[in-house]
Amino acid sequence: MGSVIIGSGKSLPKRVVTNDELGQIVDTTDEWIVPRTGIHTRRIAVEETATDLGAEAALRALGAQADGWQRDGAIDPASLDMIVCPTLTPDTHFPSEAARIRERIGAVNAVCYDMSCACSGCVYGLSTADLMLAGAAAARAQAAATGAPMRCNDVRRVLVVAAERLSKLVDWEDRATCILFGDGAGAVVLEWRDEGDAGILSSYMENSDDTERTLWCDSAFTARTVPFDAEQGLPEADAACDPYMRMAGQAVFKFATAAMVRCTEEALARAQLSVDDVALFAPHQANERIIRYAAKKMDLPLERFQIIIDHVGNVSGASALIALNEALCEGKLKQGDVACMTAFGGGLTAGSCVFRI
Ligand code: UT7
């Protein structure tokens, strides 16, 4: 019984950007970037919108487009009850990115919303979708037992699709951040099943206050004046509002390494499993050194981690969903295997999710 992954997809923009190309716009080199981060190339959306990327990842997860993974065959978009889109870079403030993807894929029965939880979006997306599915299953049982109507939406299938164009938030003159990030999308379809032992086994989410502004991006709206104060006059965009993401690299590194281990252990404890029960870890990909550190701390060989940062960079909440998709498509995860997804990011957010394929 549980929320079973029945589809998985990814989408990456066409344009590959090498470290040498970045060396032409900021003072950096391939020799600096590779050993410090593990990144060789990333994809940057020149033509694609977040909706293009999200819709393609979703269609692949549904089996409506080639190169996705399905557990039991193609999934009808009209059977989706909900679309959850973790994103920092929706194409429009509203409608939500999830609603835009709904329209593109023909998910005519889905209710949609976006989530802002930075790079933890994959785990927060899966965990909250699982809570929705489990809550709806309980409500169905209650309605059946009492003869009363369903007290909430009947949610049986949820699409979680993280779609990011982080290149819009990157300061392309800041070598400390512009080398790290890329664009792309990752998607999974979850279905509630009353039978079987596949599905999400446990989840754990946490927040801590980012009092030192270690990972930050001002909104275009935060610094605007309003017209109700006579002394301030009419609203104007505040020139001091910084539109780019900012990061205190070493502080985030410290938070990330601790969060990776803490959240993985917490989620595994909730599933009453140990690291030895996990066939594959699909972690957030912010820096290969963070993954190496976590592997060492948990006494695990690096081969148990799906690493994609070399060709994708950091794609925020989409990273681990892309990693999961590549592992499934490469046949590294079979039915019955246990996998673990752990992520951390702005907020500060962190979390982990354990599931059986
Ligand atoms: O998902 C979002 C979460 N983000 C993260 O998890 C990022 C976590 N942090 C990191 O991955 C690392 O801190 C970075 C990769 C961002 C930086 O690596 P670092 O080993 O912490 O470098 P650093 O910031 O200590 O900088 C070392 C030196 C500095 O020069 P000086 O002051 O020693 O002369 C930097 O100015 O490297 C310099 N530097 C660069 N040099 C060449 C910083 N960025 C670059 C660059 N190319 N791109």
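Computed from a predicted structure; not experimentally measured. (Residues numbered from 1 in each chain as written. Predicted model: local features only at pLDDT ≥ 70, side-chain atom pairs only at ≥ 80, totals over all residues. Heavy atoms only, no water.)

Section: the packing of aromatic side chains
Under the definition given, this model contains one aromatic pair. With a centroid separation of 4.8 Å and an interplanar angle of 15°, the aromatic rings of Phe281 and Phe305 are classed as stacked. Highlighted residues: Phe281 in strand β12 (residues 280-281) and Phe305 in the loop between α8 (288-297) and α9 (309-312), separated in sequence by 24 residues. Just as Phe281 is buried, Phe305 falls in that class too. (Phe/Tyr/Trp six-rings, centres within 6.5 Å; stacked < 30°, edge-to-face > 60°. Helix = DSSP H or I, 4+ residues; strand = E, 2+ residues; numbered from the N terminus. Buried < 20%, exposed > 50% of the residue type's maximum accessible area, 1.4 Å probe, protein only.)

Regarding the sheet that holds β12
Pairing is mixed across the open sheet formed by four strands, whose spatial order is β9-β14-β13-β12. Sheet topology places β9 (199-207) and β12 at the edges, where each strand pairs with a single neighbour. Helix α5 (residues 121-146) rests against β9, β13 (338-345) and β14 (349-356) of the sheet, and its axis sits at about 120° to β9. (Pairing = 2+ DSSP bridges. Contact = heavy atoms within 4.5 Å. Axes fitted to C-alpha atoms, helices over the stretch in contact; angles between N-to-C directions.)

Here's the deal with the packing of helix α3 (residues 50-62) against helix α4 (residues 97-105)
Axis separation between α3 and α4 bottoms out at 9 Å; the angle between their running directions is 55°. On the basis of the axis angle, α3 is oblique to α4. Between α3 and α4 lies a crossing of right-handed hand. Where α3 abuts α4, its residues Ala50, Thr51, Asp52, Gly54, Ala55, Ala58, Leu59 and Leu62 lie against Glu97, Arg100, Ile101, Arg104 and Ile105. Of the residues assigned to the contact of α3 with α4, the class counts are seven nonpolar, two polar and four charged. (Parallel < 35°, antiparallel > 145°, perpendicular 65-115°, else oblique. Left-handed = near helix turned anticlockwise from the far one by under 90°. Nonpolar A, V, L, I, M, F, W, Y, C, P; charged D, E, K, R; others polar.)

Section: the sheet that holds strand β8 (residues 183-193)
The strand order β4-β1-β8-β7-β5-β6 describes an open sheet built from six strands, whose pairing is mixed. With partners counted over all chains shown, the strands left at the sheet margins are β4 (69-70) and β6 (111-115), one partner each. Across two bridges, strand β1 (residues 2-11) lies against β4 in antiparallel orientation. Each bridged residue has a counterpart across the sheet, and for Ser8 the counterpart in β4 is Trp69. Most of the contacts of α5 go to β8, to which it runs at about 20°, and overall it touches β1, β5 (82-86), β6, β7 (157-165) and β8. Contacting β1, β4, β7 and β8, helix α10 (residues 319-329) runs over the sheet at an angle of about 95° to β1.

What to know about the pattern of salt bridges
Counted according to the given criterion, the structure contains 22 salt bridges. Taking the shortest distance from any N to any O, the salt bridge between Arg140 and Asp154 comes out at 2.5 Å. With Arg140 in helix α5 and Asp154 in the loop between α5 and β7, this residue pair connects regions lying 14 residues apart in the sequence. Looking at Asp154, the relative accessible area reads 29%, which means it is partly exposed. We note a salt bridge from Arg246 to Asp171, for which the minimum N-O separation is 3.1 Å. (Salt bridge = Lys/Arg side-chain N within 4 Å of Asp/Glu carboxyl O.)

Section: the nonpolar core
Formed by 43 residues in total, the largest nonpolar core has its most connected members in Leu126, Val158, Leu324, Leu333, Met341 and Phe355. Listing elements by their share of this core, those giving two or more residues are β5, α5, β7, β8, α10, β13 and β14. In this structure, Val252, Val261, Phe305 and Leu348 belong to the second largest nonpolar core, which totals 29 residues. (Core = buried A, V, L, I, M, F, W, Y, C linked by side-chain atoms within 4.5 Å.)

Here we look at the site of the ligand
Around the ligand, 22 residues are found, and the nearest of them are Thr28, Arg36, Gln250, Asn287 and Asn314. In the environment of the ligand, an oxygen atom lies 2.7 Å from a nitrogen or oxygen atom belonging to the side chain of Arg36. Protein coverage of the free-state accessible area of the ligand, which is 950 Å², stands at 73%. Within the residue set of the shell around the ligand, elements represented by two or more residues are α2 (30-37), α6 (175-178), α7 (249-270) and α8. Looking at the shell around the ligand, the element that brings in the most residues is α7, giving four residues. Classifying every residue of the shell around the ligand gives 11 nonpolar, seven polar and four charged. (Near = heavy atom within 4 Å. Polar contact = N/O pair within 3.5 Å; in protein donor to acceptor, adjacent residues only side chain to side chain. Areas by Shrake-Rupley, 256 points an atom, 1.4 Å probe, with all protein chains shown as cover.)

Quick notes on the environment of Arg213
With respect to the helices, strands and loops of the structure, Arg213 is situated in the loop between β9 and β10 (215-217). When its relative accessible area of 43% is taken as the criterion, Arg213 is described as partly exposed. Between the alpha carbons of Arg213 and Leu268 there is a distance of 30 Å; along the sequence they are 55 residues apart. A polar contact is formed between the side chain of Arg213 and the side chain of Asp218, at a distance of 3.4 Å.

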